[in-house]
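Summary of structural features
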Amino acid sequence: MAFPIVHGSGDFAWEIRRAMMQYDFDCVAVPLPDSFREGVEDGILKLPVPSVVVQKSAAVADYAPEAKDDDEDLVTSYVPVDPCQGVIAALRFAMEERLPRRFIDLETDRYEPHTATLPDPYALKQLSVEKFSAAVAPFLQPGNTEQWRARIDHMAWQLRQLSVDYKRILFVTNIVDWPWIREAFNDRELQQPMDESTLDPERFGVEPDTLYFLMREIPFIANLYENARRELDDDEHLSIDGVKELLITARDIYFDEYKNRARKITPSLMSRMLKYIRNLTLIGHRLSPQLSDIVVAAKQVAGDGYARVVLETAKYYEFEDHELLSECRMGIDRIALPDGDVATAVNRLPGPPMHWTTIEIQPKPDEQVRKDWKQRWNPFSQCSWPPEDDLIENFRRTVFDRASEVLGADMAKTEKFTTSVKDGIDIRDTVRNWHTNDIYVKVLPPNKGKLDVAIMLFDSPADPREYPWRTTWFAEHKDESTLAFYATDFQAQPVGPGICLAHYGGAMFVYPPVMIPDIWQDPRLDFASTLEERLIAAGCLYSTCRHVALLSPAPPGQAWKKIAKHYKKTLVHLPLSKFGDSTVQQLRMVHVLNGKDVRSYASNFIRRV
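These numbers come from a predicted model, not from an experiment.

Rules used throughout
- Residues numbered from 1 in each chain as written.
- Predicted model: local features only at pLDDT ≥ 70, side-chain atom pairs only at ≥ 80, totals over all residues.
- Heavy atoms only, no water.
- Domains from an automatic or database assignment.
- Disulfide = S-S within 2.5 Å.
- Buried < 20%, exposed > 50% of the residue type's maximum accessible area, 1.4 Å probe, protein only.
- Pairing = 2+ DSSP bridges.
- Helix = DSSP H or I, 4+ residues; strand = E, 2+ residues; numbered from the N terminus.
- Axes fitted to C-alpha atoms, helices over the stretch in contact; angles between N-to-C directions.
- Contact = heavy atoms within 4.5 Å.
- 1 Å grid on protein atoms, 1.4 Å probe; cavity = no way out; pocket = protein on both sides within 12 Å on 5 of 7 lines; lining within 4 Å.
- Points joined across faces, edges and corners; volume = space filled by probe spheres on them.
- Nonpolar A, V, L, I, M, F, W, Y, C, P; charged D, E, K, R; others polar.
- Expected span 1.5 Å × (residues − 1).
- Polar contact = N/O pair within 3.5 Å; in protein donor to acceptor, adjacent residues only side chain to side chain.

So, the domain arrangement of the protein chain
Looking at the assigned domains, one finds that the protein chain contains domain 1 (2-60 + 70-214), domain 2 (383-411 + 450-604) and domain 3 (412-445). One C-alpha centre belongs to domain 2, the other to domain 3; they are set 39 Å apart.

Following this line, the structure appears as structure tokens:
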């Protein structure tokens, strides 16, 4: 039985396991040279810990950097011992069942891969392997090298020899080679090609950060496959369900890391993210998403912070190497060996081609780098970042407008419709007087109140330990407000050289700007027992108008009203829930720059949530 597969697909690995459980075989043949047998089978015994079996080219075995020409390169071929590889899954099952295994590919010193762009293996959820192969076969092209022809003939020759000794052979092969192996198998004039001289392969571990490049499935999803295998759970649809599991796990880690600064990732937002991923996948003419699709969707829907956590979670693979094997670093078509050599690497079980995708995400700085940034901070110079000033000043204007509407709404009147609908039809009164056949309209009187102070409480009740930075900033120009606020410690979160990040807990805006003493040092406000009360008291103290706009999660209690009454003011409350969570999270961010000269390059380091 021939089983043509797409290498590196968890779906095909699952189909192979199913076929081997369903049918009886007395031998398993795979498209690998016999020289790899020992290393690959040793690696399979250590699964689920992944490893790689590397064979250097004999032509450059005496490779020496000082004698190397510019055009010469160390060339290797390798076999990834990855549990989601179909060939590895077949060998693993055969070893567990003690079935004979045969490695029937030609020994080649410099392996020349033959690949093609193939349909997404997730189609197997709707098609049988036979129908999938039949649909793909008309579009496959033969290789155009002598080595490829020799390999095809060698595998066909070996299969013919095996058919003498075994009756039920399972031959797992690359789908792009299968039509020509079958053709050669039936060729009566077939002759066996001669093996080339090769070096013995070596097996290495793989650094966890580079598992992306060894495993064709996302390491987090490969981890789910192994857990399902260990616990005998259903793993048929993990290639898609694993994406949802990845997003949910990343969300929990994101909340733990960002705490109350994290954007709320609701089921609705998660649903929007999955639709985004689906659309990117369809644009890429695939059925299952790539990691780049998932990260781009996470970035666009939930911001840089969540996208970075998704990317870091995607490389999570819990099974570690306890053999203390020397580790190599993998890349796309490159490998850094433990002895320091960096070589061109050719995968002997190649899946669809891999390529680089650029996604701009603010990385989490290295701890030593952050320490250097902190040490270089000049404590006598700080300023804000103008784009954030514009953002929050625009929002302050919005708060003033909404508060004015609330003031006007209290004085709204209703009258019968005559010639104009004025400020809109009053549905309630119209329905109430339905029997009279009259229509009622709203009449909002002109705003009489003015506002010059807005207080925004983003986190209330606020824990003073979380907001140690309390200060008052003065306007740089006439369009800015005088600003007093409490926020997180900006020096604890450097994001670039001379750039730190803090989050507002609460802020008070006085517009037009005026010079006022620092409210956190003003003894007249010492009666306030909480951060919120001090902001409200300061707002009422410096407001020249009768009303003060208050934006907060909950309506003001008696204590806050009492403070406002003491200064003969009235608080006009706006619920924080009236504004989108993403907007609020953007507004809470404040980047502190170590001097105005930092503004010239700050945009290179600042990313929005």
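A closer look at the state of the cysteines
As enumerated under the stated definition, the model contains zero disulfides in all. We note that Cys-328 lacks a disulfide partner, and the nearest cysteine sulfur, in Cys-84, lies 18 Å from it. On the basis of relative accessibility, which here comes to 0%, the residue Cys-328 falls in the buried class. Cys-383 takes part in no disulfide bond, and the closest cysteine sulfur, belonging to Cys-500, lies 12 Å away. Cys-383 sits in the buried class, given a relative accessible area of 8%.

As for the sheet that holds strand S2 (residues 27-33)
The strand order S1-S6-S2-S5 describes an open sheet built from four strands, whose pairing is parallel. Single-partner strands in this sheet number two, and they are strand S1 (2-5) and strand S5 (101-105). Mean inter-strand twist for the sheet, computed between neighbouring axes without regard to direction, equals 30 degrees. Bridge count for S1 against strand S6 (residues 169-174) is four bridges, and the pairing is parallel. By the bridge assignment for S6, Ile-5 is matched with Asn-174. Relative to S1, helix H1 (residues 10-22) is tilted by about 165 degrees, and along the sheet it contacts S1, S2 and S6. Here helix H5 (residues 146-165) sits on the sheet and contacts S2, S5 and S6; the angle it forms with S5, its principal contact strand, is near 150 degrees.

Digging into the layout of surface pockets
Volume-wise, the largest pocket comes out at about 1,500 Å³. Together, 45 residues line the largest pocket, and Arg-216, Gln-290, Leu-291, Ser-292 and Met-354 are the ones closest to its centre. Looking at the lining of the largest pocket, its residues break down into 24 nonpolar, eleven polar and ten charged.

A short note on the side chain of Ser-133
Along the chain, Ser-133 turns up in helix H4 (residues 129-136). Using a relative accessible area of 14% as the deciding quantity, one classes Ser-133 as buried. Excluding residues within four positions of it along the chain, Ser-133 makes contact with Pro-4 and Ile-175.

Here we look at H1
Its 13 residues place the ends of H1 18 Å apart at the C-alpha level, agreeing with the 18 Å of an ideal helix rising 1.5 Å per residue. The element H1 is extensively covered by neighbouring structure, given that ten of its 13 residues are classed as buried. What H1 keeps buried is the set Gly-10, Asp-11, Phe-12, Ala-13, Trp-14, Glu-15, Ile-16, Arg-17, Ala-19 and Met-20. Its side-chain oxygen 3.2 Å from the backbone nitrogen of Asp-11, Ser-9 forms the N-cap of H1.

A closer look at the environment of Asn-279
Mapping Asn-279 onto the fold places it in helix H10 (residues 267-283). It is 59 Å that separates the C-alpha atoms of Asn-279 and Pro-523, two residues lying 244 residues apart in sequence. A distance of 3.1 Å separates polar atoms of two side chains, one belonging to Asn-279 and the other to Arg-278.

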